[in-house]
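Spelled out, the chains give:
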Amino acid sequence: MTRIVVIDNHGQFTHLERRALRDLGVDTELIDNDTPPAEIDADGIVLSGGPDIDRIGRCPDYLDLDVPVFGICLGMQIIADELGGAVGDGEYGGYADVDVDITDPDDPLVGSLAPETRVWASHADEVTELPDGFTRTASSDVCSIEAIANAETDRYGVQWHPEVAHTERGEEVFENFIAICESA
């Protein structure tokens, strides 16, 4: 059975990320972000959302593990920041419904949502510059980088929250990540 751990970055929806995976038949566990990387036994990792990039524990170390990593909101920002991109203040804070354009229909994580989808997202902070090797896979009128991918290293991220009911086709994003983990 595929095992995907969710790293707890203290976000208000983190438990829903684990539940979404569990409901899709995955062996999953919520793990504190201070867990030593050597103690993580998984086929994939979800870096959860959270309130503060200063409270990310050992998340940078998890990016060195040889398994696919999917960052959600703050999780995507951690991936970008740690791998040489940039994160800055967004123009729109707070949560809102956002229409997202999928810019890479071949992307294994969000490409199946093309040409567009409606999501629930917070844009208080956002990725402002991609790390080397990454592509932008989605954008919106609110945020130019709504999703990122480096399929070569199996590192993916979305600014929005696929785990909440307000996001259309959020379950599909988790199904796609499971498929990525199973083929890695």
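This is a predicted model, so every value here is computed, not measured.

Here the structure, examined in full by the defined rule, presents 7 salt bridges. Where Arg-19 meets Asp-23, a salt bridge forms, and the shortest distance between an N and an O atom there is 3.6 Å. Of this pair, Arg-19 and Asp-23 both sit in helix H1 (residues 14–23), separated by 4 residues, roughly a single helical turn. A residue is classified by how much of its surface remains accessible, and Arg-19, at 46% relative accessible area, is partly exposed. Classification of Asp-23 as exposed rests on a relative accessible area of 52%. Counted as one network, the salt bridges with shared partners bring together Arg-3, Asp-27 and Glu-29.

Next up on the list: the pairing of strand E3 (residues 44–47). For a regular strand, the rule is simple: side chains alternate between the two faces of the sheet. Burial along E3 is two-sided: the residues Gly-44 and Val-46 and Ile-45 and Leu-47 are all buried. Two strands pair when backbone bridges link them, and strand E1 (residues 3–8) and E3 are joined in this way by 4 bridges, in the parallel orientation. Bridged to Val-5 within E3 is Ile-45. The pairing of E3 with strand E4 (residues 69–72) spans 3 bridges and is parallel. Its bridge partner being in E4, Val-46 is matched across the sheet by Phe-70.

Right, let's get into the sheet that holds strand E10 (residues 147–150). The sheet built from 9 strands is open, its strands ordered E2-E1-E3-E4-E11-E10-E9-E6-E7 with mixed pairing. The open sheet has two edge strands, strand E2 (27–32) and strand E7 (116–122), and neither has a second partner. With strand direction ignored, the average angle separating the axes of adjacent strands in the sheet is 25 degrees. The pairing of strand E9 (residues 135–140) with E10 spans 3 bridges and is antiparallel. When the bridges of E10 are listed, Arg-136 appears paired with Ile-148.

Residues given the UniProt feature "active site" (unreviewed entry) here are Cys-73, His-161 and Glu-163. For this annotated set, covering 91 residues, all C-alpha atoms fall within 11.3 Å of each other, a compact arrangement in space. In this fold, His-161 is placed in the loop between strand E11 (155–158) and helix H4 (170–183). Not counting residues up to four positions away in its chain, the partners in contact with His-161 are Phe-13, Glu-17, Ile-72, Cys-73, Tyr-95, Trp-120 and Thr-167. You can see Glu-163 is positioned in the loop between E11 and H4. Non-local contacts of Glu-163, meaning those with residues more than four positions away in its chain, are made with Phe-13, Leu-16, Glu-17, Ile-72 and Phe-174. A distance of 2.7 Å separates polar atoms of two side chains, one belonging to Glu-163 and the other to His-161.

Definitions and cut-offs
- Residues numbered from 1 in each chain as written.
- Predicted model: local features only at pLDDT ≥ 70, side-chain atom pairs only at ≥ 80, totals over all residues.
- Heavy atoms only, no water.
- Salt bridge = Lys/Arg side-chain N within 4 Å of Asp/Glu carboxyl O.
- Helix = DSSP H or I, 4+ residues; strand = E, 2+ residues; numbered from the N terminus.
- Buried < 20%, exposed > 50% of the residue type's maximum accessible area, 1.4 Å probe, protein only.
- Pairing = 2+ DSSP bridges.
- Axes fitted to C-alpha atoms, helices over the stretch in contact; angles between N-to-C directions.
- UniProt positions renumbered as here; feature names shortened; annotations may be inferred.
- Contact = heavy atoms within 4.5 Å.
- Polar contact = N/O pair within 3.5 Å; in protein donor to acceptor, adjacent residues only side chain to side chain.

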